[in-house]
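# Breakdown of the fold
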Amino acid sequence: MRTTVNRRALRTAVVLAAGALVLSACSSGGGGGGGATDSAGPGQDKNVAANYSLGTAADSTGPAPAPSGAKKGGTVTVLQRDAFHHLDPGQIYYGDMLINQLLYNRSLTGYKIGTDGKVKLVGDLATDTGTSSDGGKTWKFTLKDGLKWQDGSPITAQDVRWGIERLYASFETDGPQYIQQWLSGEGTSYRKALPDGPYDGKHLPSSVLDTPDDKTVVLHFLKPHADTPYATAMPNVGPVKADKDGKQKYDNAPFASGPYQVGDYKTGKSLTLVRNQNWDPKTDPIRTQYPDKFDISFGHQATDSTRRLLADQGPDKAGISFTNAVAPEMVEQVLKDPGTKSRRFIEIQPYLDVINFNMDRLKDIRVRKALAYAVPSGQIIQQIGGATAGQLATNLISPSIDGYKASDPFGKKAKPNGDPDKARALLKEAGKEGQEIVYAYANTDVQQKVSVVVTQALERAGFKVQKKEIDANVWDNSIAEVKNGFDIFRTGWGADWPVASTVVPPLYDGRVISDGAQNYTHLNDPAVNKEIDRVNTIPDVKKAAPEWMKLADKILIDDVPAVPTYANLQFSIWGSGLGGVKYHPVYGYPDPSGVFVK
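Just so we're clear, the structure is a prediction, and the values are computed from it rather than from any experiment. (Residues numbered from 1 in each chain as written. Predicted model: local features only at pLDDT ≥ 70, side-chain atom pairs only at ≥ 80, totals over all residues. Heavy atoms only, no water.)

The next subject is the environment of asparagine 484. As for its position among the elements, asparagine 484 is in the loop between α11 (475–479) and β19 (488–494). Residues asparagine 484 and alanine 440, spaced 44 residues apart in sequence, show a C-alpha to C-alpha distance of 9.7 Å. From its side chain, asparagine 484 meets the backbone nitrogen of phenylalanine 486 in a polar contact 2.8 Å long. (Helix = DSSP H or I, 4+ residues; strand = E, 2+ residues; numbered from the N terminus. Polar contact = N/O pair within 3.5 Å; in protein donor to acceptor, adjacent residues only side chain to side chain.)

Structural data, given as structure tokens:
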């Protein structure tokens, strides 16, 4: 999953049952889970294998458990900094939109989050997490009875097929690509199988994607994929009703399969979600439908949302932010206020922030190494909020990923604020003293502060810095353009499920470089591509885990496409009039699926 500015993408630790796949990890979670922590640091890590399991068919039935004191009615006020770029589930891959889509969109499988932070992967639209055959190449899902669209019409297997096939269309660029690639080819070659999607009446052959009846979806992959139940939990592996699919216009008017539907949407300004009267809680083990509506407004910097939620007045008493963290300058105030103890948490997220180096522009590895040594990770952490916002990172893999092994090739633990002398020596060796660097950053309060310390650190190391401030509302699209004209810029990434196969290939496989894709550094190393292919063929994910770690370290040391800065924490606060708030360990933010107005 992706995170930009303060958006996060996904990844956690999981145990798959029945001997099909075993995953474990050591990190990313935190102490709150809808409660609070009294200190400035996170509590117990939730992103450990013991907290994850593969649910049964019984676990996949609804209704979802009712939070203590839950009742119907009221409006939830949601204060967001950035406007949502997409409502179309096929285009969603960022933390803020991942959280939002939980309210109106359903996938074949999904994550059932307990109040204790424990996570079960269960059937969402499907009766269970799928059954495999043909050595793991074929996966069958059966849809539940009683599934309905917002207009009351039944959700069918053909709707799921349409939802998957539209991902092949050229305009679908921003969402995850696992299922398409597994069905039809690596990189972007899968698009050749259905270049216009299903819109001209063509479909994938039944030998690839079959819907033999209204309740059955069968996926025939090119290779075995034991982690398919996790891939089908992504928001784009679900139904889209053909006669409601307006292609690009679907971004503004997705047809609801979840408990809420779009009521009013003013692009870039606000979104109102109202009850979907045809959603049946008996079919849904994940979501509830207590509030009458969610009023979501954009343009709220962290200072504004923190001030309003701390004041706890009027509509903000039932307020929350899906992704805005407590503003760095207000952390101490919130922690010292005893009235916030029951309405805040500090949680370790599954996301890792890096500063990317554009390898199309920065071709000399000595220059990239100089940048890696110069970046002041410790000072960056202080600017984003200190101990409540981030923990120093030293390699390209989050500790929450199975197979993680600590390494620190650029000496960040010893010199967290950078090593300007080492950086300057490398520049001198390269004959690049005074090299100009185009540094792009989003125009948020926090990133403007970060830009000051980064610029100063690079200048101390002998670089000349041209700062390029980008509107936060277009930041995601700007950095994802191949010819973006930037030398360095930050991104955050979290594993889609807790193995590095959901980190290394999307970020560093040179064959996926394209506008909207996630290889932000444009690394295209044939040796790396070959090793990605080799590790991907290891059928035992547990055995593959250390191989991914070795490859990630090799990429960092031999190619230096980026420098890690910090693992993310989320410090959230909400109004005293809300109940049922808990942490979503997979997405790394507050989970709105069980929220109610007191």
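Moving on, we come to the packing of aromatic side chains. Counting across every chain of the model gives 17 aromatic pairs. Centre to centre, the rings of tyrosine 93 and tryptophan 493 are 5.4 Å apart; their planes meet at 80°, and the pair counts as edge-to-face. Here tryptophan 493 lies in strand β19 and tyrosine 93 lies in the loop between β4 (75–79) and α1 (95–101), a separation of 400 residues in the sequence. Measuring from ring centre to ring centre gives 6.1 Å for phenylalanine 171 and tyrosine 199, while their planes differ by 40°; the resulting arrangement is tilted. Linking phenylalanine 171 in the loop between α2 (157–165) and α3 (178–184) with tyrosine 199 in the loop between α3 and β9 (209–213), this pair joins segments that are 28 residues apart in sequence. Relative accessible area serves as the criterion here: at 22%, tyrosine 199 is assigned to the partly exposed category. (Phe/Tyr/Trp six-rings, centres within 6.5 Å; stacked < 30°, edge-to-face > 60°. Buried < 20%, exposed > 50% of the residue type's maximum accessible area, 1.4 Å probe, protein only.)

Attention shifts here to the sheet that holds strand β10 (residues 216–220). Strand order in this open sheet of 4 strands is β7-β8-β10-β9, and the pairing throughout is antiparallel. The open sheet has two edge strands with one neighbour each: β7 (131–133) and β9. Strand-to-strand twist across the sheet, computed as the mean angle between neighbouring axes with direction ignored, equals 20°. The pairing of β9 with β10 spans 3 bridges and is classified as antiparallel. Counted as the bridge partner of leucine 209 is leucine 219 from β10. Together, β9 and β10 form the strand contacts of α2, whose direction differs from that of β9 by roughly 165°. (Pairing = 2+ DSSP bridges. Axes fitted to C-alpha atoms, helices over the stretch in contact; angles between N-to-C directions. Contact = heavy atoms within 4.5 Å.)

Let us now look at unusual backbone geometry. Each neighbour pair has its own omega, and for glycine 62 with proline 63 the value is 0°, a cis peptide bond. Tracing the backbone shows proline 63 in the loop between β3 (52–54) and β4. The phi angle at histidine 522 is positive, at roughly 65°, despite the residue not being glycine. Here histidine 522 is to be found in the loop between α12 (504–508) and α13 (526–536). Phi is positive for valine 560, close to 50°, though the residue is something other than glycine.

Looking now at helix α8 (residues 377–384). Three or more residues of α8 are buried, namely Ser377, Gly378, Ile380, Ile381 and Ile384. The arc enclosing the buried residues of α8, seen along the axis, measures out at 160°, which places them on a common side. Just downstream of α8, glycine 385 is the residue with a positive phi angle, here 135°. (Arc of directions from axis to C-beta.)

Considering every residue of the protein, the mean pLDDT works out to 90; 92% of them sit at 70 or more. Between residues 4–38, whose pLDDT stays under 50, and residues either more than four places distant or in other chains, the model counts 195 contacts. (pLDDT = per-residue confidence, 0-100.)

All told, the structure shown has 30 salt bridges when counted by the stated rule. Of the charged contacts in the structure, one is a salt bridge between aspartate 124 and arginine 106, with a shortest N-O distance of 2.8 Å. With a gap of 18 residues between them, aspartate 124 in the loop between β6 (119–123) and β7 and arginine 106 in the loop between α1 and β5 (109–113) connect regions that are remote in the sequence. Judged by its relative accessible area of 1%, arginine 106 falls in the buried class. The shortest N-O distance in the salt bridge between arginine 307 and aspartate 304 comes to 2.7 Å. Here aspartate 304 and arginine 307 lie together in helix α5 (residues 302–311), a separation of 3 residues that amounts to about one turn. Through salt bridges with shared partners, a single ionic network connects Asp88, Arg166, Glu172 and Asp245. (Salt bridge = Lys/Arg side-chain N within 4 Å of Asp/Glu carboxyl O.)

As a further point, take the side chain of lysine 241. Looking at where lysine 241 falls in the secondary structure, it is placed in the loop between α4 (228–231) and β11 (260–266). Using a relative accessible area of 14% as the deciding quantity, one classes lysine 241 as buried. A distance of 2.6 Å separates a polar atom in the side chain of lysine 241 from a polar atom in the side chain of serine 153.

Next up on the list: the packing of helix α7 (residues 365–374) against helix α9 (residues 420–430). The geometry of a pair of packed helices is captured by two quantities: the angle between their axes and the separation between those axes. Orientation of α7 relative to α9, taken along the N-to-C sense of each, is 170°, at an axis distance of 8 Å. Classed by the angle they form, the pair α7 and α9 counts as roughly antiparallel. Across from Arg366, Val367, Lys369, Ala370, Tyr373 and Ala374 in α7, the residues of α9 making contact are Lys422, Ala423, Leu426, Leu427, Glu429 and Ala430. (Parallel < 35°, antiparallel > 145°, perpendicular 65-115°, else oblique.)

Turning to the pairing of strand β20 (residues 562–573), a few remarks are in order. Within β20, 12 of the 12 residues are buried, leaving the element largely enclosed by the surrounding structure. The sheet contact formed by strand β15 (residues 344–357) and β20 spans 10 bridges and is antiparallel. Its bridge partner lying in β20, valine 354 is registered against proline 564. For strand β16 (residues 390–392) and β20, the ladder comprises 3 bridges, and the chain directions are antiparallel. Each bridged residue has a counterpart across the sheet, and for glutamine 391 the counterpart in β20 is alanine 567.

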